Amino acid sequence: MESDIIRYYEKYDEESRLTRRRWGQVEYLTTMKYLRKYLRPGNRVLDIGAGTGRYSIALASEGYDVTAVELVEHNLSILREKITKDMTIQAMQGNALDLSPLEAESFDMTLMLGPMYHLKPGEQFKQAISEALRVTKQNGIILVAYCTTDGPIINWVFRTGLYQILKQDGVIDDDEFCFHTNSEFVFEHVTRADVDKLMTEFPVQRLHYVATDGLVSFLQDEMEKMNQETFDALVRYHLSVCEREDLVGASAHSLDVFRKLPTQCV
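Residues numbered from 1 in each chain as written. Predicted model: local features only at pLDDT ≥ 70, side-chain atom pairs only at ≥ 80, totals over all residues. Heavy atoms only, no water.

Considerations on the nonpolar core
Argument step 1. Formed by 35 residues in total, the largest nonpolar core has its most connected members in Leu35, Val45, Leu59, Met109, Leu111, Leu143 and Leu255.
Argument step 2. Mapped by element, the contributors of at least two residues to this core are helix 2 (22-38), helix 3 (54-61), strand 2 (65-70), helix 4 (73-82), strand 3 (89-93), strand 4 (107-112), strand 5 (136-148) and strand 10 (253-260).
Argument step 3. Contacts of Leu59, omitting those with residues within four sequence positions, involve Met32, Leu35, Leu39, Val45, Tyr64, Val66 and Leu111.
Argument step 4. Residues Leu46, Leu102, Val190 and Val204 belong to the second largest nonpolar core, which totals 29 residues. (Core = buried A, V, L, I, M, F, W, Y, C linked by side-chain atoms within 4.5 Å. Buried < 20%, exposed > 50% of the residue type's maximum accessible area, 1.4 Å probe, protein only. Helix = DSSP H or I, 4+ residues; strand = E, 2+ residues; numbered from the N terminus. Contact = heavy atoms within 4.5 Å.)

This is the structure we're talking about:
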């Protein structure tokens, strides 16, 4: 599976995913809102699955001490090219399932904004969360992103007319309406209930559960035609509803924001 992920990102333009189209910009702006809500001057930040550095570079540019861990060497090389002399940032190759090179309780904030897209629900999810908790300080903040199920079912399976092809290729189960992973489709999708069940096993306090691109994910093409004033209004609307319980499932991505509880509170 790891080799499948590496091959995928060697071909995929990860560099422009959060910048080229407005849909990606909404995901980025939403995530940054919650990052900035909890970041404090002098914080050390760990970015697990940093990709080409969209978040790592932004935070290092703002003066934070950042450690970026990325599995795919292709992405890592792009990230390293962006680092300037005024940034405090360490970029290293690594796997979300094994952060043993990093000391326990070293970071004030830990980001895991990509690995759960590809890890297997169950033991791999638990291992990744456990590693993120291990390296985060007590009372530290952790943000974990997921690919969600229902938004892509509508947008990618039905809206694009790919239903029959995806069913034939074994990507979509049209009894349960969920996704299956194969070598051509390296993403894992979850529901809010899946994440809730996973997190019951960990000593954390949930602060937010966010539909990162929410309802606007259904306006991907329309957003490109909007003038700036209309797009800005759409982003404001999205940010006002992205935590609503009745809407969090209608998204392509979700963000779980939680605090690592002190040992005595466990």
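Things to note about the side chain of Thr136
Argument step 1. By secondary structure assignment, the location of Thr136 is in strand 5.
Argument step 2. Taking the relative accessible area as the measure of exposure, Thr136 reaches 0% and is therefore buried.
Argument step 3. Side chain to side chain, Thr136 and Thr110 meet in a polar contact 2.7 Å long.
Argument step 4. Of the polar contacts made by the side chain of Thr136, one reaches the backbone oxygen of Ala132; its length is 2.6 Å.
Argument step 5. Thr136 has contacts with Glu105, Phe107, Asp108, Thr110, Ile141, Ile142 and Lys260, leaving out every residue within four places of it along the chain. (Polar contact = N/O pair within 3.5 Å; in protein donor to acceptor, adjacent residues only side chain to side chain.)

Observations concerning the pairing of strand 5
Argument step 1. Of all 13 residues making up strand 5, 10 are buried, and the element is well covered by its neighbours.
Argument step 2. The sheet contact formed by strand 4 and strand 5 spans five bridges and is parallel. By the bridge assignment, Met112 is partnered in strand 5 with Val144.
Argument step 3. In the sheet, strand 5 pairs with strand 10 via seven bridges, with the strands oriented antiparallel. Within the sheet, the bridge partner assigned to Val144 lies in strand 10 and is Asp256. (Pairing = 2+ DSSP bridges.)

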